[in-house]
Amino acid sequence: MAYFDAASATPLHPVARQALLASLDEGWADPARLYREGRKARMLLDASREAAAEAVGCRPDEVVFTPSGTRAVHSGIAGALAGRRRVGRHLIVSSVEHSSVLHSAEVCEADGGSVTRVAVSRTGAVDPSGYAEALRADTALACLQSANHEVGTVQPVAEVAEVCRAAGVPLLVDAAQSLGWGPVGGDWSLLTASAHKWGGPSGVGLLVVRKGVRFAAQGPVDERESGRAPGFENIPAIVAAVASLRAVRAEADQEAVRLRELTARIRARVPQLVPDVEVVGDAERRLPGIVTFSCLYVDGEALLHELDRAGFSVSSGSSCTSSTLTPSHVLKAMGVLSEGNVRVSLPPGAAEADVERFLEVLPETVAGVREKLGAPAPTTAVRAQELLVDSLGKRCPIPVIELAKVIDRVPVGGTVRVLSDDEAARLDIPAWCEMRGQEYAGEEPAERGTAYLVRRVR
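Residues numbered from 1 in each chain as written. Predicted model: local features only at pLDDT ≥ 70, side-chain atom pairs only at ≥ 80, totals over all residues. Heavy atoms only, no water.

**A few points about the nonpolar core**
Ranked by size, the top nonpolar core spans 58 residues in total, and within it Phe65, Leu171 and Leu206 carry the most contacts. No other element matches the 10 residues that helix 7 (residues 235-273) contributes to this core. Discounting residues that sit within four places of it in the chain, Leu206 has contacts with Ala52, Val56, Val63, Val64, Phe65, Thr66, Ala72, Leu179, Leu191, Thr192, Ala193 and Trp198. (Core = buried A, V, L, I, M, F, W, Y, C linked by side-chain atoms within 4.5 Å. Buried < 20%, exposed > 50% of the residue type's maximum accessible area, 1.4 Å probe, protein only. Helix = DSSP H or I, 4+ residues; strand = E, 2+ residues; numbered from the N terminus. Contact = heavy atoms within 4.5 Å.)

**Points about the packing of aromatic side chains**
The full count for this structure, using the stated rule, is 3 aromatic pairs. Plain terms: the ring middles of Phe4 and Phe312 are 5.8 Å apart, the flat faces sit at 40 degrees to each other, and that makes the pair tilted. Of the two residues, Phe4 sits in the loop between strand 1 (2-3) and helix 1 (14-26) while Phe312 sits in strand 11 (residues 312-313), which places them 308 residues apart along the sequence. The same class applies to Phe4 as to Phe312, namely buried. A centroid spacing of 5.3 Å and a plane angle of 75 degrees characterise the contact between Phe312 and Phe358, whose relative ring orientation is edge-to-face. Of this pair, Phe312 sits in strand 11 while Phe358 sits in helix 10 (residues 352-373), placing them 46 residues apart in sequence. Taken individually, Phe312 and Phe358 each receive the classification buried, so the pair is uniform in this respect. The cationic tip of Arg210 hangs over the ring face of Trp188; the distance from NZ or CZ to the ring centre is 3.9 Å. (Phe/Tyr/Trp six-rings, centres within 6.5 Å; stacked < 30°, edge-to-face > 60°. Lys NZ or Arg CZ within 6 Å of the ring centre and 35° of its normal.)

**Focus: the UniProt feature "domain: UPF0033" (unreviewed entry) in the protein**
Here, the residues flagged by UniProt with the feature "domain: UPF0033" (unreviewed entry) are residues 389-413. Note that residues 389-413 is 36% helix and 8% strand, and that its end C-alpha atoms are spaced 17 Å apart. (UniProt positions renumbered as here; feature names shortened; annotations may be inferred.)

**What to know about the sheet that holds strand 9 (residues 277-280)**
Each strand in a sheet pairs with its neighbour through backbone hydrogen bonds, running either in the same direction (parallel) or in the opposite one (antiparallel). Strand order across the open sheet formed by 3 strands is 9-10-12, with antiparallel pairing between neighbours. What marks the edges here is a single partner per strand, and that holds for strand 9 and strand 12 (341-345). Put simply, the sheet's adjacent strands are angled 20 degrees from each other on average, direction ignored. (Pairing = 2+ DSSP bridges. Axes fitted to C-alpha atoms, helices over the stretch in contact; angles between N-to-C directions.)

Next up, the structure:
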């Protein structure tokens, strides 16, 4: 089985496994106690904190270990907002942040604060000027991921940090996807990360709060982790997490070159091998191991199941693979095709032979899914230069399939009106028009659902 979902979780690094087993015998005691066993545990915890600080590029007393990366994000945002409550309650985030950041933003709004969500380009990158324009006198905090978790696009953190610093606003960076590849540059104020993204055990997060940043920990506190992460530290897991971070960093430069070549190969060959595919994300400013593409006329869940049967573990941002039946917020913010979405995220050590086998299997797999899915005969009614396609009650990609089947039935300049009540159609129909050289003429309210207008150009 080829595991191609490292952006979700990376297999435990051998060094982490060794460190975990060794520290189980030495790090079980309470590090706050003064007896021998407690001192041993404290030494392991202090050494791990120093090593983590070196990897991040900060002071050891700025590092806090949390029970998860998500907890680090929630605690970091809540603490920074509370610490600057006198300034205001305005929060800035990008529209493609991890859900943990967006959920914190929703809590901020529910608590009476305000949130500005900065838009991104079609490649998934923010423009620093977007943050500059969003800054206000009452801005308490800004957040920006170092790299996107779904499409791999690297964000201009240093430039945004400079903009925020000039305005006196702290910047929290979610570095979960990138910290294993290297430290985050720029004059940021807070940073979060998660060990299972770089081959450490799950259940260990990092929260870094620079000295001088106003921070007020929320909720009950105790004497552990500077009062910012209460509870007994999982020292064996922390030791293993930091050991794996150091190990992957030692291999990062060489491995990044190799994985960039493999993902570049996928980006170039998938559109050649599979018709009607859109590769998304920035082609240059990207993480080494992530490549994402979307296939027209494909049910993402069916495609993932077929790839799993063929021996490949991949993930998807398609609406049909989520419990909400709405497209990935990242793909939606980018304005790219969501249907048939596949994210390939290669872990360190991924074999070239597995990538080649994936490229061999993919065309037949996509073709098989398209054949099985079929396209129900559309209900059409001729209106002179216009056709009506009734796709109400049908999930994407069916509305797009039906649109593609009838576009040639209207003359150049004619219009196809697609009725749909699937939220994904709002994203996928314009994306189809861009891919196929047709004109998306907008949408109109309908008695049921929405009418999407497509004008035939060629």
